[in-house]
Amino acid sequence: QAVRWHIKLQPWASPTPSLNYEASRFLKYISTSQISCEHMNLNSLKGYSETTKKPWSICLDERFSLIHRIRSKQCRLYSLGLGSDDNQFELSMANSGCEVHRFDPSIKSAHIQEGRHLWYHRLSIDWRDPNPAIAAHKLHSNTKKLGTVLNEFGHQKIDVLKADVESAEWKILENLILEGVVEQIGQLVFEVHIHWPGFEVSGNDSTVVRYWYSLLRELELKDFRLFHTYKDLSKPQMFLKKEAFNASSCYTLSWVNTRWK
């Protein structure tokens, strides 16, 4: 397929650009499930303990592939993070027989295997690969795009991609969409941060929100459906540096790729 350079921006929410209208449309969109999911936690699986600090919700309904791939010990989880000590979700997925790869630039060794199913990689997943011709990029040689890592690891598919990347999620998501990598993923569980535009996202406030919304609509066009939203009330209640719209600065959103049966 042809390489795309830009996502398709959705029309403005109102006849003239307005932050109120954009914010209202966006917040309603991320708070409305598009598909129902009956089974969203790992309690039904052995080796799971209830101490997860955040609900990283995955859909384990029979009509989607994940539960079948867990049962047949063929599932694969990629977890993108930055120095988080909350790895309960990763451990429970590994305990249920999934191959788990955690990418975190703060890990001390390049690759660490813990147990049969859990690997830690000192890699930061980014929306671009470093350019070796640029001196500053040499510092980031452990930074790669997800598509590059999939090729290097010889992985065709990821059953679950979990990301808590402190505001890099918008550009990473854009990269996954533009390069078609998102189609190799069965479920996405992303923490999104909306207290500021995010790394390398520019424009005025209404432009930023329209871009966020357009990105998520692109997921919908790729047959992803939102099935769970967690609004984090423990974080500052901020929307683009304002206490407005009754929004939290942080939401955890879960989508299932309905093409994956």
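Computed from a predicted model, the values in this text were never measured in an experiment.

### Regarding the sheet that holds strand S3 (residues 111–114)
Sheet architecture is open: eight strands sit in the order S3-S4-S2-S1-S7-S8-S10-S9, paired in mixed fashion. Among the strands making up the open sheet, the edge pair consists of S3 and strand S9 (224–231). Averaged over all pairs of adjacent strands, the angle between strand axes in this sheet comes to 15 degrees, irrespective of strand direction. Across five bridges, the pairing between strand S7 (residues 158–163) and strand S8 (residues 185–193) is parallel. Counterpart to Ile158 in the pairing with S8 is Ile185. Across the sheet, helix H5 (residues 146–153) touches strand S1 (76–80), strand S2 (99–103), strand S4 (118–121), S7 and S8, and the angle it forms with S1 is around 140 degrees.

### Topic: the state of the cysteines
Overall, the coordinates contain two disulfides when judged by the stated rule. Two residues share a disulfide in this structure: Cys75 and Cys98, whose sulfurs sit 1.7 Å from each other. Residues Cys75 and Cys98 are joined by a disulfide whose S-S torsion is about -105 degrees; by sign, that bridge is left-handed. Here the residue Cys75 occupies a position in the loop between helix H2 (65–71) and S1, and Cys98 occupies one in the loop between helix H3 (88–95) and S2, the gap between them amounting to 23 residues. Of the two residues, Cys75 and Cys98, both sit in the buried class. Here the cysteine-cysteine linkages of the protein are recorded as 1-2, 3-4, numbering only bonded cysteines and doing so in sequence order.

### Focus on the nonpolar core
Ranked by internal contacts, the top residues of the largest apolar core, which has 51 residues, are Phe26, Leu146, Trp170, Leu188, Trp212, Leu216 and Phe239. If one sorts the elements of this core by residue count, helix H7 (residues 205–221) sits on top with eight residues. Here Leu216 is in contact with Phe26, Tyr29, Ile30, Trp170, Leu173, Leu253 and Trp255, once residues within four sequence places are set aside. Formed by 19 residues, the second largest nonpolar core is a distinct cluster that contains Ile58, Leu60, Cys75 and Cys98.

The rules behind the values
Residues numbered from 1 in each chain as written. Predicted model: local features only at pLDDT ≥ 70, side-chain atom pairs only at ≥ 80, totals over all residues. Heavy atoms only, no water. Pairing = 2+ DSSP bridges. Helix = DSSP H or I, 4+ residues; strand = E, 2+ residues; numbered from the N terminus. Axes fitted to C-alpha atoms, helices over the stretch in contact; angles between N-to-C directions. Contact = heavy atoms within 4.5 Å. Disulfide = S-S within 2.5 Å. Buried < 20%, exposed > 50% of the residue type's maximum accessible area, 1.4 Å probe, protein only. Core = buried A, V, L, I, M, F, W, Y, C linked by side-chain atoms within 4.5 Å.

All we've got here are geometric facts, nothing functional implied.
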